Amino acid sequence: MPNASSWSASSPLLLLWEDSSGTRIFLSLLYAVLAISGTLSNVMVIYLVFSFKKLQTTSNAFIVNGCAADLSVCALWMPQEAVLGLLPPNSSSLRSAEYRLLRGGLLGLGLTVSLASHLLVAFNRYVLITKLPSVYQALYQRRHTGCMIGLSWALALLLVPLLPGLWTPGPAQQPPPRQTDGSSRYTALLLALALLGQTALLLHCYLGIVRRVRGSAKRVSVLNFHLLHQLPFPAAPPPPRRAQRRLSSVSVLLLCCVFLLGTQPLVWVSLLGFFLRPAPPALQAAGWLLLCSLSALNPLLYTWRSEEFRRAARSVLP
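On a predicted model such as this, the values are computed, not experimentally measured, just so you know. (Residues numbered from 1 in each chain as written. Predicted model: local features only at pLDDT ≥ 70, side-chain atom pairs only at ≥ 80, totals over all residues. Heavy atoms only, no water.)

Colleague: When you look at the overall build of the chain in this model, what are you seeing that I'm missing?
Modeller: In terms of regular secondary structure, the chain is built from eleven helices and zero strands. In the chain, the succession of α and β elements from N to C terminus is α-α-α-α-α-α-α-α-α-α-α. The 318 residues of the chain split such that 50% are buried. Across the chain, contacts joining residues at least 24 apart in sequence account for 79% of those joining residues at least 6 apart. (Helix = DSSP H or I, 4+ residues; strand = E, 2+ residues; numbered from the N terminus. Buried < 20%, exposed > 50% of the residue type's maximum accessible area, 1.4 Å probe, protein only. Contact = heavy atoms within 4.5 Å.)

The following block contains the structure:
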């Protein structure tokens, strides 16, 4: 099995240098497809929210914040991965430490804000459904919403310079093995713990919504909020109560399953590398690729069940 020194010096998402050119071309094409689809979908969501007043809600403000962060990954970082995957391994571009830090910063900034936006959307919907309207209105005033969005970017800007090893784990110049291994192990552990904590909070919010909706469909129907249309279940026409509860639960659980599929492989690969032995580089690459693919899928996750978004998209698209 190749060791960590044969791992890409520029990115955690490129496989081994010894891999065939066909594998590298396939990965480049995959990054290109994700970059194009993710950029178009994120730009479309941002455009629709800014163009249609009915979509300008607090929940959608957090969704737009996540889309803006995802553009850092899809529009700026993924195209570079697609191009660099086609370059020869000894290319000077791949060895530049400054360029690696720039690309790592784009990836770290986008993923951190995107994951924070997932949590902000989930907590917003949790408060909307499970708390009194007065509590929701007091918590989500415009200035409070702006502060939450600003804090997500401030947190990302703080973490990216302090923890570059999270986003650029491959050493450019092969420093001493003990230093490299120790640094990469602890940064991987920190990443895994952060993702586990964020996932636990997100699941708590969405499972709380499922319990409330299943327990009282009437509670949801009397809330006169535009945000209700952004929930992952249909707003109108309402199906029979039992079918509505079942569809609501399935939609929320589907969203959670997609999020878990994108985040948990990297979590357990990182924990395995810290406590036991490093996972094969190909497995690490797959975990990073699934995590980054969420940036292209997020717009669909939050808008595919919204009649308001579908109506706005039909009015724009030919």
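Having seen the model, we can carry on.
Colleague: Sorry if this is basic, but what is going on with the nonpolar core here?
Modeller: Nonpolar side chains in soluble globular proteins tend to end up buried together. Residues Met78, Tyr206 and Trp288 are the most contacted members of the largest nonpolar core, which totals 63 residues. For this core, the elements supplying multiple residues, two or more each, are helix H1 (21-51), helix H2 (58-84), helix H4 (97-130), helix H6 (142-162), helix H7 (177-215), helix H9 (241-275), helix H10 (281-303) and helix H11 (307-316). The leading source of residues in this core is H4, at eleven residues. If sequence neighbours within four positions are ignored, methionine 78 has contacts with Tyr31, Leu34, Ala35, Val73, Cys292 and Ser293. (Core = buried A, V, L, I, M, F, W, Y, C linked by side-chain atoms within 4.5 Å.)

Colleague: Help me understand the state of the cysteines in this model?
Modeller: In a disulfide, the sulfur atoms of two cysteines are held together by a covalent bond. Taken as a whole and assessed by the stated rule, the structure comprises zero disulfides. Left without a disulfide partner, cysteine 205 is nearest to the cysteine sulfur of cysteine 256, which lies 9.7 Å away. The class of cysteine 205 is buried, set by a relative accessible area of 5%. Residue cysteine 292 stays outside any disulfide, its sulfur separated by 8.9 Å from that of cysteine 74, the closest cysteine. By relative accessible area, which is 0% here, cysteine 292 ends up buried. (Disulfide = S-S within 2.5 Å.)

Colleague: How should the packing of H1 against H2 be read in this particular structure?
Modeller: Any two packed helices are characterised by how steeply their axes cross, that is the angle between the axes, and by the distance between the axes. With their axes 8 Å apart at the nearest point, H1 and H2 run at an angle of 155 degrees to one another. As summarised for this structure, H1 and H2 are arranged roughly antiparallel, according to the angle between their axes. Both H1 and H2 take part in a crossing whose hand is left-handed. (Axes fitted to C-alpha atoms, helices over the stretch in contact; angles between N-to-C directions. Parallel < 35°, antiparallel > 145°, perpendicular 65-115°, else oblique. Left-handed = near helix turned anticlockwise from the far one by under 90°.)

Colleague: Could you clarify how one ought to interpret the side chain of serine 117 in this entry?
Modeller: Looking at where serine 117 falls in the secondary structure, it is placed in helix H4. The class for serine 117 is buried, based on a relative accessible area of 3%. Each residue touching serine 117, except ones within four places of it in the same chain, is listed here: Phe62, Asn65 and Gly66.

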